[in-house]
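# Working through the structure, step by step
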Amino acid sequence: MPIVHVYLLEGRPPERIRALVEEVTRAVVKSLQVSPERVRVLVSEVPRTHWAVGGVPMSEPGDSSAGAPPAPPAGASRPAQGSEPGRSREQG
């Protein structure tokens, strides 16, 4: 039973995570020639304060967030579901 664990910065809408799970499942089915029912996909969303690049948390502005969407300003509410722009691969 293949198990794939994906770590992402938190904040993507559920539809995007669902699409990721479906695509990962298809890739595993194709490459390992197993049935979709055998594939397990785990998605762990990590807060920006808990994800660092070069010793700098992604929640802080600077080079570590290059290619990643900007962190919301302190005290700002999160965007409504489905309103976030696309994400880059660097986020994990």
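A quick note: this is a predicted structure, and the numbers were derived from the prediction, not measured.

The rules we used
Residues numbered from 1 in each chain as written. Predicted model: local features only at pLDDT ≥ 70, side-chain atom pairs only at ≥ 80, totals over all residues. Heavy atoms only, no water. Helix = DSSP H or I, 4+ residues; strand = E, 2+ residues; numbered from the N terminus. Buried < 20%, exposed > 50% of the residue type's maximum accessible area, 1.4 Å probe, protein only. Contact = heavy atoms within 4.5 Å. pLDDT = per-residue confidence, 0-100. Patch = residues over 30% accessible without salt bridge, like charges linked within 9 Å, V, L, I, M, F, W, Y side chains within 5 Å. Areas by Shrake-Rupley, 256 points an atom, 1.4 Å probe, with all protein chains shown as cover. Salt bridge = Lys/Arg side-chain N within 4 Å of Asp/Glu carboxyl O. Pairing = 2+ DSSP bridges. Right-handed = clockwise from strand over helix to strand, strands pointing away.

### Side note on the overall build of the chain
A count of helices and strands for the chain gives 1 helix and 4 strands. Going from N to C terminus, the chain has its helices and strands arranged as β-α-β-β-β. Here the chain, with 92 residues, has 26% of them falling under the buried criterion. Long-range pairs, those at least 24 residues apart, make up 65% of the contacts in the chain between residues at least 6 apart in sequence.

### As for the confidence of the model for the chain
When pLDDT is averaged along the chain, the result is 81, and 66% of the positions lie at 70 or above. Low pLDDT, under 50, characterises residues 79-91; the stretch is placed with 31 contacts to residues that sit more than four places away or in other chains.

### With respect to a nonpolar patch on the surface
A grouping of Met1, Ile3 and Leu42 is seen on the molecular surface, where their side chains present a nonpolar patch of about 320 Å² in accessible area. Along the polypeptide, Ile3 turns up in strand β1 (residues 3-9). For Ile3, a relative accessible area of 57% puts it in the exposed group.

### Re the pairing of strand β2 (residues 40-46)
Pairing analysis gives 7 bridges linking β1 to β2, with the strands arranged parallel. By the bridge assignment for β2, Leu9 is matched with Val46. Taking the sense of rotation as the criterion, the β-α-β connection linking β1, helix α1 (residues 14-32) and β2 turns out right-handed.

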